[in-house]
Amino acid sequence: MSETLSSREVFLELLAGITAGRFTELAELYAEDAVVETVFQPVGPRRIEGRAVLRARFAEVSAHSPLDLAAENVVVRETDDPEVVVAEWDYRVHHRVSGRTFEAANIQVLRVRDGLIVHSRDYHDHVALAVAGGNLPQLVAALEGE
């Protein structure tokens, strides 16, 4: 019988998968009814529900992401609730299309139950990603169209 991963270990697996570009494997870290909230997402859905939807989202990122990510300054804080961890880190991002390299700050609050992510609140610097990709005008246009 395999040992169930702790909340900290699940986050570290998630981060390792993201930085290695193994996006198609990431959905397996989430519960069937998981909820992911991307709080600072400027356009598009800020709430994703279900492993199947996450799997499709990760497949899209895998097929179209122009980013190489390296995690730096990773700090994982355990809370008084053993299911919950708060992670802070920076991505050193290389945008393959624009050639830009920059840092983007991140915070994630994860609730992990029985070794699977059941809820995540993600705070990523989406504006920095848009700027580096030269997509700020499209982002502004999309926001004005809402």
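Above this note sits the structure.
So, here's what we can say about the structure. (Residues numbered from 1 in each chain as written. Predicted model: local features only at pLDDT ≥ 70, side-chain atom pairs only at ≥ 80, totals over all residues. Heavy atoms only, no water.)

1. Focus on helix H1 (residues 7–19)
With 13 residues, H1 ought to run about 18 Å at 1.5 Å a step, and its terminal C-alpha atoms sit 19 Å apart, in line with that. Close packing links the buried residues of H1 with strand E1 (30–38), strand E3 (67–78), strand E4 (84–95), strand E5 (101–113) and strand E6 (116–124). Once H1 finishes, Gly21 follows within two positions and takes phi at roughly 75°, a positive value. (Helix = DSSP H or I, 4+ residues; strand = E, 2+ residues; numbered from the N terminus. Expected span 1.5 Å × (residues − 1). Contact = heavy atoms within 4.5 Å.)

2. Concerning the layout of surface pockets
Of the volumes computed, that of the largest pocket is approximately 1,200 Å³. Around the largest pocket, the lining is made up of 39 residues, and of these Gln41, Arg57, Val61, His126 and Leu129 lie nearest the centre. In terms of residues, the lining of the largest pocket owes the most to one element, helix H2 (residues 51–64), which gives 6 residues. Of the residues belonging to the lining of the largest pocket, the class tally is 23 nonpolar, 12 polar and 4 charged. (1 Å grid on protein atoms, 1.4 Å probe; cavity = no way out; pocket = protein on both sides within 12 Å on 5 of 7 lines; lining within 4 Å. Points joined across faces, edges and corners; volume = space filled by probe spheres on them. Nonpolar A, V, L, I, M, F, W, Y, C, P; charged D, E, K, R; others polar.)

3. Thoughts on unusual backbone geometry
Peptide bonds are, in most cases, trans, and in most cases residues other than glycine have a negative phi. Phi at Asn73 is positive, roughly 55°, even though this residue is not glycine. With respect to the element layout, Asn73 can be found in strand E3. Here the phi dihedral of Asp114 falls at roughly 55°; this positive angle occurs in a residue that is not glycine.

4. Topic: the packing of aromatic side chains
Considering all chains together, one arrives at 4 aromatic pairs under this definition. For the ring pair Trp89 and Tyr91, a centre distance of 5.7 Å and an interplane angle of 85° mean the geometry is edge-to-face. Overall, Trp89 belongs to the buried group, its relative accessible area being 3%. The structure contains a cluster of three or more aromatic residues connected by ring pairs, namely Phe11, Trp89 and Tyr91. (Phe/Tyr/Trp six-rings, centres within 6.5 Å; stacked < 30°, edge-to-face > 60°. Buried < 20%, exposed > 50% of the residue type's maximum accessible area, 1.4 Å probe, protein only.)

5. Quick look at the nonpolar core
One broad rule of soluble globular proteins: the nonpolar side chains tend to lie buried together. In terms of nonpolar packing, the biggest core is built from 29 residues, with Phe11, Tyr30 and Ile117 touching the most fellow members. Listing elements by their share of this core, those giving two or more residues are H1, E1, H2, E3, E4 and E5. Excluding residues within four positions of it along the chain, Tyr30 makes contact with Leu14, Val36, Arg51, Leu54, Phe58, Leu116 and Ile117. (Core = buried A, V, L, I, M, F, W, Y, C linked by side-chain atoms within 4.5 Å.)

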